[in-house]
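# Residue-level structural notes
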Amino acid sequence: MFTLTPCLGFITRFERFRWRRSVERERQLRRGRIEISQTIHDTTAQTAYLFGLGIHKARKLAGESDDELAATLDATLTLTKSAMWEMRGPIDAGHIVEGRELGRVLWSHCATFKRIAGVPAELSLSGLEPPMSTDTRNRLFSVAHNALTNAFLHARPTRVDVRLSFEAESVSLSVSDDGVGLPDDYAQRGRGFIGMKADAEHVDGKLIVESLRGCNGTTVTCVVPYSTHSGGC
Ligand SMILES: Nc1ncnc2c1ncn2[C@@H]1O[C@H](COP(=O)(O)OP(=O)(O)OP(=O)(O)O)[C@@H](O)[C@H]1O
Ligand SMILES: [Mg+2]
């Protein structure tokens, strides 16, 4: 009994030390992610925006004078827009890490998509957003960003609809475009769907992919239950 008491005290102090160290490590990681997001926003993203303006102006000056020059400038402008959009992933994920609600971040993400891609992206929200962990909000955001990127790069859509529904037991996020639909071998073409599935499964959720060829578009849905580790911060 006499030898057990100091041992128990030591274990308690050690556990408390470990817990404090992991909280501090988590805080440092968050700070690092927010700094990266701000740095990208203030440097590379601004430069890409200026590239875009320059190419847009050059395209106007080129007019119809030279088909090859016009095609090169059009392709370069599309690439610049794609780079600008890709950068919005880490930039807006920074807002998630800062603690902003998923609905709010997705709302501005859709507005930015519309500005960069020139395709309307509307967010519809249903239900009230409950407290969800940073990891859950982050994984759902990542799925939305990847699905929007795919719509921009591959679908040739006229519009994209993003739905976020907070239901009784789970949160459901879907991104639908009215574009060309998925090719049969879509799963072998890249790593985007693998990443979205991994994001969903990481928080005990599932990814559902629906698509019909011939301008019926694609819908990517991610459903995540409010499990014990997705509640709170
Ligand atoms: N919304 C969409 N509409 C039409 N085709 C799509 C759509 N989303 C994906 N695809 C097709 O499915 C393929 C696989 O998509 P996926 O996101 O896995 O990879 P990727 O976009 O090619 O590359 P990355 O690994 O950089 O995401 C794409 O190459 C494209 O052919
Ligand atoms: Mg992709």
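Preceding this section is the structure that the text describes.
On a predicted model such as this, the values are computed, not experimentally measured, just so you know. (Residues numbered from 1 in each chain as written. Chains lettered and ligands numbered in written order. Predicted model: local features only at pLDDT ≥ 70, side-chain atom pairs only at ≥ 80, totals over all residues. Heavy atoms only, no water.)

## Description of the overall build of the chain
If you tally the helices and strands in the chain, you get seven helices and five strands. Along the chain, helices (α) and strands (β) appear in the sequence α-α-α-α-β-α-β-β-α-α-β-β when read from the amino end. Taking 233 residues into account, the globule formula puts the C-alpha radius of gyration at 17 Å, and the chain, at 22 Å, lies well above it. Seen through its principal axes, the chain has C-alpha atoms that stretch 95 × 40 × 35 Å. Contacts spanning at least 24 positions in sequence make up 69% of the contacts within the chain whose residues lie at least 6 apart. Surface accessibility of the chain: about 14100 Å² in total, with carbon and sulfur atoms responsible for 58%. Counting 29 positive and 28 negative side-chain charges, the chain places the averaged centre of each group 8 Å from the other. (Helix = DSSP H or I, 4+ residues; strand = E, 2+ residues; numbered from the N terminus. Rg over C-alpha atoms; globule rule 2.2 N^0.38 Å. Contact = heavy atoms within 4.5 Å. Areas by Shrake-Rupley, 256 points an atom, 1.4 Å probe, with all protein chains shown as cover. Lys, Arg positive; Asp, Glu negative; His and termini not counted. Charge placed at Lys NZ, Arg CZ, Asp CG, Glu CD.)

## Remarks on the site of ligand 1
What surrounds ligand 1 is a group of 15 residues, the closest being Asn150, His154, Asp177, Arg191 and Gly192. Here Asn150 contributes a side-chain N or O atom positioned 2.8 Å from an oxygen atom of ligand 1. Within the side chain of His154, a nitrogen or oxygen atom sits 2.7 Å from an oxygen atom of ligand 1. Contact with the protein chains covers 79% of the free accessible surface of ligand 1, which is 600 Å². Mapped by element, the contributors of at least two residues to the shell around ligand 1 are helix H5 (134-155), helix H6 (186-189) and helix H7 (192-202). (Near = heavy atom within 4 Å. Polar contact = N/O pair within 3.5 Å; in protein donor to acceptor, adjacent residues only side chain to side chain.)

## So, the sheet that holds strand S4 (residues 206-211)
Strands sit in the order S1-S2-S3-S5-S4 across an open sheet of five strands; the sheet is mixed. What marks the edges here is a single partner per strand, and that holds for strand S1 (121-126) and S4. Adjacent strand axes in the sheet meet at a mean angle of 10 degrees when their direction is disregarded. Each of S4 and strand S5 (218-225) is contacted by H7, which is oriented at about 140 degrees to S4, the strand it contacts most. (Pairing = 2+ DSSP bridges. Axes fitted to C-alpha atoms, helices over the stretch in contact; angles between N-to-C directions.)

## Side note on a negative patch on the surface
A cluster of acidic residues, Glu64, Asp66, Asp67 and Glu68, forms a negative patch on the protein surface. Assignment of secondary structure puts Glu68 in helix H3 (residues 67-98). Among the residues examined, Glu68 registers a relative accessible area of 63% and is labelled exposed. (Patch = residues over 30% accessible without salt bridge, like charges linked within 9 Å, V, L, I, M, F, W, Y side chains within 5 Å. Salt bridge = Lys/Arg side-chain N within 4 Å of Asp/Glu carboxyl O. Buried < 20%, exposed > 50% of the residue type's maximum accessible area, 1.4 Å probe, protein only.)

## Concerning the pattern of salt bridges
What the rule picks out here adds up to 11 salt bridges. With a shortest N-O distance of 2.7 Å, Arg59 and Asp74 are connected by a salt bridge. Separated by 15 residues along the polypeptide, Arg59 in helix H2 (residues 44-62) and Asp74 in helix H3 bring together distant segments of the chain. Between Asp185 and Arg189 there is a salt bridge, with the nearest N and O atoms lying 2.9 Å from each other. Given a relative accessible area of 59%, Arg189 falls into the exposed group. A single network of salt bridges, built from pairs that share partners, joins Asp135, Arg139 and Asp199.

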